[in-house]
Each structure stands twice: as C-alpha cells, then as structure tokens.
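# Report on the structure
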Amino acid sequence: VTSLRLVAPSGLSPVGDADLEAHLHWGRHMRGLSENTLRQREWILGRVHATSGVPLREVTEGHLLNWERLDVSGRAPESRRAYVGHVSSFYKWMVQTKVMRESPASVLTRPKLPKPLPRPVTEDELRTAVSAASPKLAAMITLMAYAGLRAMEVAQLQWQDLSTTVDGRTVLHVRHGKGDKDRAVPVGKVVLEALRWHGARSRGPVFYGRDSRQMRP
C-alpha cells in the first residue's frame, strides 16, 4: 500500500487559472514532465486555490501555512515532501517568469525523509497473495513482483506491448514509465501464465476498470 495519494477526482483543479495553465504548458512542452506529474501538480495547486479562495498569484505565506495545516499535516513524510515540492516548483517558476517578486512557498516545511531498510514480501507471502487473488489481481501482483512494474505502468499496459525476440524470449515494452522513459523488461513463465489466466488478447488494454475503460493508476 503506497502512502502517496496525490491524484484526485477531476473537476477539483483551479480551472481558468491562467498562471497554472501556462505553468503546465511549460512543464509539458519545455521541461518534458510526465502527464502523471502534471496531474499531481494540478491537483495539489487546486487544493491551494480552494483553501485560499484567491488566484494562485495572490496566495500569501499565510494562505500556504493554512493549506499546509489542512492538507499536508499528518500525512506520511513522502507525501508531505511531494506536496511541498509541487507547490515550491510552481512558485519558483512564478518568480522566474517575473509574475511574482517573491515565492510565498519559502515558509513551507520540507520534511527530512527517513531511510528505512527495504521490507520485501517473502516468497511464501507472495504465493499466498497470488493464490487468493482473482485472475485479474493475480496478474497485477505478478507483474509487480516478477517484472518490477509500478502501479502506473501496470494500469497503462497494452497487450501489444508484449513481443517475442528472434531468440524466442518474451519482452514487455514498458512505455512512459517513471520519468516518462521507456524500457524493455524480459518476462518469464510465471508472468506469462498469470496473463494467460487473466485472459490474453492480441490488442487493447490489459486491465479494465469497473467503468469498462482502461484502468487508472
């Protein structure tokens, strides 16, 4: 279970905020930020707008301290750092483009992240989870455990992303992964069997949500 829950339902972002729209355009076309990062930033700045009640260029240090108290306080350190990072990046850009003279985000606290040891699931626990899961969930778990895919990469997977090399190996092409980068992942028998159990097809999304559309992360 991840502690980062940054993507919210649509319609809660500050629609019509020209500064935010310009920043997202810059992030997409100049910085090359991934769509997932841009959605997260839009949602978080939407919450800043909602809690302050003013356009983003009129947000003050007091507004951000109130937003930090309402939306950031109490979350896991990784989430708090991500929230503050998105807001700080936006206001840094506002200063660089001379829309604002100073960034109000300087008052925000960027928490120090702990460095815990990894706690990988044991083989027995993994087998128990897969055996108790539905074919769909078992395929998701297997892709994460044996192919190293992240939630976003599993959600956007297409059947045509599976291919066979000239030497007979099966390769999974992960598109627009972390950092919006592509990579090729060799997959073995365990993964292939889980996908067949789920119901292999030639094309289209591997996983559908309850609304009959491709599953979201």
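Residues numbered from 1 in each chain as written. Predicted model: local features only at pLDDT ≥ 70, side-chain atom pairs only at ≥ 80, totals over all residues. Heavy atoms only, no water.

### A short note on the overall build of the chain
The secondary structure content of the chain amounts to eight helices and three strands. Counted from the first residue to the last, the chain has its helices and strands arranged as α-α-α-α-α-α-α-β-β-β-α. If one aligns the C-alpha atoms of the chain with their principal axes, the spans along those axes are about 60 × 35 × 30 Å. Looking at the chain as a whole, 37% of its 217 residues are labelled buried. Within the chain, contacts between residues at least 6 apart in sequence are counted, and of these 58% link residues at least 24 apart. (Helix = DSSP H or I, 4+ residues; strand = E, 2+ residues; numbered from the N terminus. Buried < 20%, exposed > 50% of the residue type's maximum accessible area, 1.4 Å probe, protein only. Contact = heavy atoms within 4.5 Å.)

### Some remarks on helix H1 (residues 18-31)
Along an α-helix, a turn takes 3.6 residues, which lines up residues three or four apart on a common side. Helix length check: H1, at 14 residues, gives a terminal C-alpha distance of 18 Å against a target of 20 Å (1.5 Å per residue), a fit within 8%. Within the sequence span of H1, burial applies to Asp19, Leu20, His23, Leu24 and Gly27. Projected onto a plane normal to the axis of H1, the buried residues spread over an arc of 135° and lie on a single side. Residues of H1 that are exposed and point over 90 degrees away from its buried face: Ala18, His29 and Met30. In this structure, the buried side of H1 is in contact with helix H2 (35-52) and helix H4 (77-96). (Expected span 1.5 Å × (residues − 1). Arc of directions from axis to C-beta.)

### Observations concerning the nonpolar core
Soluble globular proteins: nonpolar side chains tend toward being buried together. Formed by 24 residues in total, the largest nonpolar core has its most connected members in Val48, Leu56, Leu64, Trp67, Val87, Phe90 and Tyr91. Elements supplying a minimum of two residues to this core: H1, H2, helix H3 (61-72) and H4. Broken down by element, this core gets its largest block of residues, seven residues, from H4. Sequence-distant contacts of tryptophan 67, that is, excluding residues within four places in its chain, are made with Ile44, Arg47, Val48, Thr51, Val72, Tyr83, Val84, Val87 and Leu108. Of all hydrophobic cores here, the second largest spans 17 residues; its members include Val174, Val185, Leu195 and Phe207. (Core = buried A, V, L, I, M, F, W, Y, C linked by side-chain atoms within 4.5 Å.)

### Let's talk about the packing of helix H6 (residues 135-147) against helix H8 (residues 189-198)
It is at 8 Å that the axes of H6 and H8 come closest, and there the two elements cross at 160°. Taken together, H6 and H8 sit at an angle that is classed as roughly antiparallel. Once H6 is placed against H8, the crossing between them reads as left-handed. On the side of H6, the interface is formed by Pro135, Lys136, Ala138, Ala139, Thr142, Leu143 and Tyr146, while H8 contributes Val190, Val191, Ala194, Leu195, Trp197 and His198. Residues of the contact of H6 with H8, tallied by class, amount to 10 nonpolar, two polar and one charged. (Axes fitted to C-alpha atoms, helices over the stretch in contact; angles between N-to-C directions. Parallel < 35°, antiparallel > 145°, perpendicular 65-115°, else oblique. Left-handed = near helix turned anticlockwise from the far one by under 90°. Nonpolar A, V, L, I, M, F, W, Y, C, P; charged D, E, K, R; others polar.)

### Notes on the pattern of salt bridges
Applying the stated criterion to the full structure yields 10 salt bridges. The residue arginine 175 makes a salt bridge to aspartate 161 at a minimum N-O spacing of 2.8 Å. One end of the pair, arginine 175, is in the loop between strand S2 (170-174) and strand S3 (183-187); the other, aspartate 161, is in the loop between helix H7 (151-155) and strand S1 (162-164), with 14 residues separating them in the sequence. According to the relative accessible area criterion, aspartate 161 is buried, its value standing at 5%. Between aspartate 167 and arginine 169 there is a salt bridge, with the nearest N and O atoms lying 3.2 Å from each other. Take arginine 169: its relative accessible area is 45%, and that puts it in the partly exposed class. (Salt bridge = Lys/Arg side-chain N within 4 Å of Asp/Glu carboxyl O.)

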